[in-house]
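Notes for the structure review
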Amino acid sequence: QVQFVESGGGLVQPGESLRLSCVVSGFRVSTKDMNWYRQAPGQQREWVARIFTDSGTQTTHSLEGRFTISRLNTKNTVYLQMNNLEPEDTAVYYCKASDLDVWGRGTQVTVSS
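Residues numbered from 1 in each chain as written. Predicted model: local features only at pLDDT ≥ 70, side-chain atom pairs only at ≥ 80, totals over all residues. Heavy atoms only, no water.

1. Points about the packing of aromatic side chains
Scanning all chains against the criterion turns up 3 aromatic pairs. Taking the centre distance of 5.9 Å and the plane angle of 85° together, the rings of Tyr94 and Trp103 count as edge-to-face. Look at Tyr94 and you get buried, because its relative accessible area is 11%. What makes Trp103 partly exposed here is its relative accessible area of 33%. Taken together, the ring pairs connect Tyr37, Tyr94 and Trp103 into an aromatic cluster. The ring of Phe27 carries Lys32 above its face, with NZ or CZ at 5.6 Å from the centroid. (Phe/Tyr/Trp six-rings, centres within 6.5 Å; stacked < 30°, edge-to-face > 60°. Buried < 20%, exposed > 50% of the residue type's maximum accessible area, 1.4 Å probe, protein only. Lys NZ or Arg CZ within 6 Å of the ring centre and 35° of its normal.)

Printed below as a string of structure tokens:
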């Protein structure tokens, strides 16, 4: 059974960093393109970043330079490193495989002074 368990969120101040984790079960993360999405309060869910099976990555333009997606195959986990966080980054963050309509519960990130 496919399952995504996101963690690593929390309350941080502007300028701080967080690393989110997504532990995947049901398939090997190296075999599918994996994504991070986020949904801010009152907003639609938006795509954040993708890591391809060949380890190439894409990040939404507005977050390039601050957010980095990666994976560790031995832990079957996908990560999102988020640096220099801003209040506008406050959202619930989710991971998802490109070709599966399965979502985890997400992890809440709140950036506030």
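2. Some remarks on the pattern of salt bridges
Pairing between side chains of opposite charge can happen when the charged atoms of each approach one another. Tallied over the full model, the rule gives 5 salt bridges. Ionic pairing is found between Arg38 and Glu46, a salt bridge with its closest N-O pair at 2.6 Å. Residue Arg38 is classed as buried on the basis of its relative accessible area of 8%. Among the ionic pairs, Glu86 bridges to Arg66, the shortest N-O distance being 3.8 Å. Of this pair, Glu86 sits in the loop between β8 (77-82) and β9 (91-97) while Arg66 sits in the loop between β6 (57-59) and β7 (67-72); the two residues are 20 residues apart in sequence, bridging distant segments of the chain. Each of Arg38, Glu46, Arg66, Glu86 and Asp89 takes part in a single network of salt bridges with overlapping partners. (Salt bridge = Lys/Arg side-chain N within 4 Å of Asp/Glu carboxyl O. Helix = DSSP H or I, 4+ residues; strand = E, 2+ residues; numbered from the N terminus.)

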